[in-house]
Amino acid sequence: MTSHRPRLGLVGAGRVGRALGLVLRNAGYPIGSVVCRKASSARDAVAFIGGGTARTISRLRAIDGDVVIVASPDDAIEDVARRIALLPERFEGRTILHVSGSQSSMALADVKRRGASTGSCHPLQSFPTAELGATRIAGSTFAIEGDRAAVAVATRLARDAGGRPMRLRAGDKPLYHAAAVMASGHVAALLDASLEALQAVGLREEEAREAIMPLVEGTVANIRRTGTRVALTGPFARGDEATIELNRAALMAVNEALARLYEELGVRSRVMARR
Ligand SMILES: NC(=O)c1ccc[n+]([C@@H]2O[C@H](COP(=O)([O-])OP(=O)(O)OC[C@H]3O[C@@H](n4cnc5c(N)ncnc54)[C@H](OP(=O)(O)O)[C@@H]3O)[C@@H](O)[C@H]2O)c1
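Here the structure is a predicted model, which means the values were calculated and not measured.

This part is about the overall build of the protein. When you go through the protein residue by residue, the secondary structure sums to 13 helices and eight strands. Counting only C-alpha atoms, the protein reaches 70 × 40 × 35 Å along its principal axes. Pairs at least 24 apart in sequence give 56% of the contacts found in the protein among residues at least 6 apart.

Okay, structure coming up:
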């Protein structure tokens, strides 16, 4: 069953590495080396994935994998590539991918020089934990760039994980990643501000979260069906300046940062309403 799937090595097996390892093992990929900084972390990752051999980066002598996924933090990718490139083994015919959203395959230049195919394959999903991330990989978009062979491997890997491959140009990765940050981290930050305002009204944090979630989920569902412009409701869509001023003054009384955030997003809302 599994023989036609390439063998997968992982360097960095935290939230994303573990989640991808588990999903791809379930899709029939045999797991080779699972490399972390700490031995305990590598062992936990092997247990989570249900396969592979635990290794530490400082004692790495060889790496078992036709396809190696580098899932270390972004700022460690170049260092990892440098270390892998020093291993006394053949790289021709093998593929090294990293999973960063902001960096391109250029970060793997050292190992490319050794003959490996290189690319990046970024799951456009949030992984607060490996467990939660693993449940959300299916249906997620995977942004892929790199050399031709690496793009082919990454595309297949994304499909086998249940995801939707999407090609990107290397130079577009920072802009693509900025868009991803706005759709995930910034949404969390915005809702945090909304919760702060509700707590100032007197709600406890859990009560406030419970109160806004149906509204948030309704808005997201509307955006999915109609797009952002039709989904824009409220005083900015209506051009109700008196209400906007009441809102702004009330937020200012809590703190200036909340009022500024409301105004900044209001600029965008006005543009959307005019369209
Ligand atoms: N989290 C997300 O939502 C998300 C989403 C999409 C893409 N990504 C990307 O996925 C990658 C990993 O992020 P993550 O959130 O999974 O990070 P993480 O949970 O912090 O895991 C990082 C892993 O890398 C290992 N590591 C750290 N430094 C290393 C080094 N110098 N050499 C080898 N291994 C090293 C860690 O080992 P120890 O446990 O032993 O320290 C750990 O296993 C990043 O490129 C990130 O941009 C993240």
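A word on the packing of helix H8 (residues 185–201) against helix H9 (residues 205–226). Contact geometry for H8 and H9: axes closest at 9 Å, N-to-C directions at 125°. Comparing the axis directions of H8 and H9 gives the class oblique. Seen along the crossing, H8 lies across H9 with a hand that is right-handed. Contacts between H8 and H9 involve Leu 191, Ser 194, Leu 195, Leu 198 and Gln 199 from the former and Glu 205, Ala 208, Arg 209, Ala 211, Ile 212 and Val 216 from the latter. In terms of residue class, the contact of H8 with H9 is made up of seven nonpolar, two polar and two charged.

Quick look at the pairing of strand E8 (residues 164–167) now. Side-chain direction in a regular strand flips from residue to residue, so the side chains alternate between the two faces of the sheet. Sheet topology note: the strand E7 (residues 141–146)/E8 ladder contains four bridges and is parallel. Bridge assignment links Thr 141 to a residue of E8, and that residue is Arg 164. For the handedness criterion, the β-α-β arrangement of E7, helix H6 (residues 148–160) and E8 is classed as right-handed.

Moving on, we get to the site of the ligand. The environment of the ligand is formed by 27 residues, the closest being Gly 12, Gly 14, Val 16, Cys 36 and Ser 41. At the level of elements, helix H1 (15–26), strand E2 (31–36), helix H3 (77–85) and strand E6 (117–123) are the ones that each hand at least two residues to the shell around the ligand. At three residues, the largest contribution of residues to the shell around the ligand is made by H1. By residue class, the composition of the shell around the ligand is 13 nonpolar, nine polar and five charged.

All right, on to the sheet that holds strand E5 (residues 95–98) then. Judged by pairing direction, the sheet is mixed, and its eight strands sit side by side in the order E3-E2-E1-E4-E5-E6-E7-E8 without closing on themselves. With partners counted over all chains shown, the strands left at the sheet margins are strand E3 (53–56) and E8, one partner each. Across the sheet, the mean angle separating the axes of adjacent strands is 25° when strand polarity is ignored. Both E2 and E3 contribute to a ladder of four bridges, which runs parallel. The residue of E3 that forms the bridge with Val 35 is Arg 55.

Another aspect to go through is the pairing of E2. In terms of residue burial, E2 counts as a mostly covered element, since six of its six residues are buried. In this sheet, E2 lies alongside strand E1 (residues 8–11) in parallel orientation, the contact comprising three bridges. Of the residues in E2, the one forming a bridge with Leu 8 is Ile 31. Of the crossover connections in this fold, the one passing from E1 over H1 to the parallel E2 is right-handed. As a crossover connection, the stretch from E2 through helix H2 (residues 39–49) into E3 is right-handed.

Domain boundaries in the protein define domain 1 (8–182) and domain 2 (184–274). One C-alpha centre belongs to domain 1, the other to domain 2; they are set 37 Å apart.

Here we come to the environment of Leu 198. By secondary structure assignment, the location of Leu 198 is in helix H8. Overall, Leu 198 belongs to the partly exposed group, with 17 C-beta atoms counted inside 10 Å. For the pair Leu 198 and Gly 139, spaced 59 residues apart in sequence, the C-alpha to C-alpha distance is 34 Å. Those residues in contact with Leu 198 that lie beyond four places of it in its chain are Leu 203, Ala 208 and Ala 211.

Further remarks concern H1. Between its first and last C-alpha, H1 extends 17 Å over 12 residues, near the 16 Å set by a 1.5 Å rise per residue. Three or more residues of H1 are buried, namely Val 16, Gly 17, Arg 18, Ala 19, Leu 20, Gly 21, Leu 22, Val 23 and Leu 24. Note on H1: the residue one or two positions beyond its end, Gly 28, has a positive phi of about 105°.

With that out of the way, let us pick up the nonpolar core. Ala 19, Val 34, Ile 69, Val 70 and Ala 154 are the most contacted members of the largest nonpolar core, which has 52 residues in total. Here Val 34 is in contact with Leu 10, Ala 13, Gly 21, Ala 42, Ala 45, Val 46, Ile 49, Gly 52, Thr 53, Ala 54 and Arg 55, once residues within four sequence places are set aside.

Axis separation between helix H12 (residues 241–254) and helix H13 (residues 256–274) bottoms out at 6 Å; the angle between their running directions is 150°. Relative to H13, H12 is oriented roughly antiparallel. Of the residues in H13, those touching H12 at Ile 244, Asn 247, Arg 248, Leu 251, Met 252 and Val 254 are Glu 256, Leu 258, Ala 259, Tyr 262, Glu 263 and Gly 266. Looking at the contact of H12 with H13 residue by residue, the class counts come to seven nonpolar, two polar and three charged.

Procedures and definitions
Residues numbered from 1 in each chain as written. Predicted model: local features only at pLDDT ≥ 70, side-chain atom pairs only at ≥ 80, totals over all residues. Helix = DSSP H or I, 4+ residues; strand = E, 2+ residues; numbered from the N terminus. Contact = placed C-beta atoms within 7 Å. Axes fitted to C-alpha atoms, helices over the stretch in contact; angles between N-to-C directions. Parallel < 35°, antiparallel > 145°, perpendicular 65-115°, else oblique. Left-handed = near helix turned anticlockwise from the far one by under 90°. Nonpolar A, V, L, I, M, F, W, Y, C, P; charged D, E, K, R; others polar. Pairing = 2+ DSSP bridges. Right-handed = clockwise from strand over helix to strand, strands pointing away. Near = placed C-beta within 6 Å. Buried ≥ 20, exposed ≤ 12 C-beta atoms within 10 Å, placed from the backbone. Domains from an automatic or database assignment. Expected span 1.5 Å × (residues − 1). Core = buried A, V, L, I, M, F, W, Y, C linked by C-beta atoms within 7 Å.

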